[in-house]
Amino acid sequence: MKEVRTLYVDGGEDGVRLDRWFKRRWPHLNHIQLNKLFRSGQVRVDGSRAKADTKLAAGSQIRVPPLPDAPDPSEKGKLSARDIAYARSLVLYEDEDVLALNKPAGLAVQGGTKTTHHIDKLLSAWGEGVDRPRLVHRLDRDTSGVLLLGKTPSAAARLSGAFAKRKAQKTYWAIVAGNPHPLEGVIELHLAKRGLNDREIVVPADPKDKDASPAETEFVTISRAGPRVTWMALRPHTGRTHQLRAHMKAIGHPILGDPKYGDEKSAQLSEGLKLQLHARSILLPHPSAGMLHVEAPLSAEMKAGFAKFGFTEDEADQDPFARRQTKRR
């Protein structure tokens, strides 16, 4: 697309993030390309500069600058039979509207300059164009677990809307250093990105900081291995980059196996372990009717952490946060 265009947000996309609005229309654009467009001010929402996480309102006017063309399908490297079989092996749940994958740790959701093997590429196993599933949220490269996609534009819009309007309950399991006190609660701490590219990190920030975004994480203790480590359930109520990792570090209990947000104490406890963060389950309205609940089995990386510290899955309630919800009533 070589010309500047003005498009409008339709009613079904009220509350959707700007970057996800773009990805639905131009799925060939990766995260890095989109961020360059936003940071340079080429994209405008109702005449103003906007960030990737800007929430759109129905009827908003979007200035769309010239965009790189999508690769010609005939020139695009086709997936091998092995890749297609691998992609299909990741399926946790699938129907006409929704695809849920069990993302392995170490596999990026989207590609970049040095990333050629990623979930977005594997989606070609389902077809191209309208047949290609659409990402509605992301997981960090080293986080394992449930990843949801919409199989049609309308399903993707409804799923994205559920995330934007906080109707999606995401439950993560994490093993962290030490014993957080209190045993359960909510972390409300603004976060901001600092640095660039591979050196980018998310840190606590003053709410008045122009780069700061509000972030909220609910937490519950599931089990402890003495004073050394704690197995926790984490539920993000916002979707900031590295939110869970940054919040746990901020309260002094970094997630084990995390070289970017760890400290000396967590590094000692993390010997032989990868990142101990797993997207265990998602509960949200199904795009067609009713509720959808998808759960991912423990990854090999998390099993290693459980074995090292003596945790067993049967120690966790089906919904670790149910007790907190009962108390609030």
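Residues numbered from 1 in each chain as written. Predicted model: local features only at pLDDT ≥ 70, side-chain atom pairs only at ≥ 80, totals over all residues. Heavy atoms only, no water.

When the UniProt feature table is mapped to this numbering, "active site" (unreviewed entry) covers Asp-140. Tracing the sequence through the fold places Asp-140 in the loop between strand 7 (134-135) and strand 8 (144-150). When residues no more than four places from it in sequence are discounted, the contact partners of Asp-140 are Lys-103, His-242 and Arg-245. (UniProt positions renumbered as here; feature names shortened; annotations may be inferred. Helix = DSSP H or I, 4+ residues; strand = E, 2+ residues; numbered from the N terminus. Contact = heavy atoms within 4.5 Å.)

Structurally, Pro-68 can be placed in the loop between strand 4 (61-64) and helix 3 (81-89). Residues Pro-68 and Phe-163, 95 residues apart in the sequence, show an inter-C-alpha distance of 28 Å. Residues in contact with Pro-68, not counting those within four places in the same chain, are His-28, Leu-29 and Gln-33.

Summed over the entire model, instances satisfying the criterion amount to nine aromatic pairs. Measuring from ring centre to ring centre gives 5.9 Å for Phe-306 and Phe-311, while their planes differ by 70°; the resulting arrangement is edge-to-face. Among the aromatic residues, those joined into a ring-pair cluster are Trp-21, Phe-22, Trp-26 and Phe-38. (Phe/Tyr/Trp six-rings, centres within 6.5 Å; stacked < 30°, edge-to-face > 60°.)

Time to look at empty space enclosed by the protein. Per the stated rule, a full pass over the model turns up two cavities of 30 Å³ or more. Approximately 90 Å³ is the volume found for the largest cavity. At the level of secondary structure, the elements contributing two or more residues to the lining of the largest cavity comprise helix 1 (18-25) and helix 2 (31-39). Shared between two domains, the lining of the largest cavity takes at least three residues from each, and those domains are domain 1 (5-64) and domain 2 (81-165). Here the second largest cavity is characterised by a volume of approximately 80 Å³. (1 Å grid on protein atoms, 1.4 Å probe; cavity = no way out; pocket = protein on both sides within 12 Å on 5 of 7 lines; lining within 4 Å. Points joined across faces, edges and corners; volume = space filled by probe spheres on them. Domains from an automatic or database assignment.)

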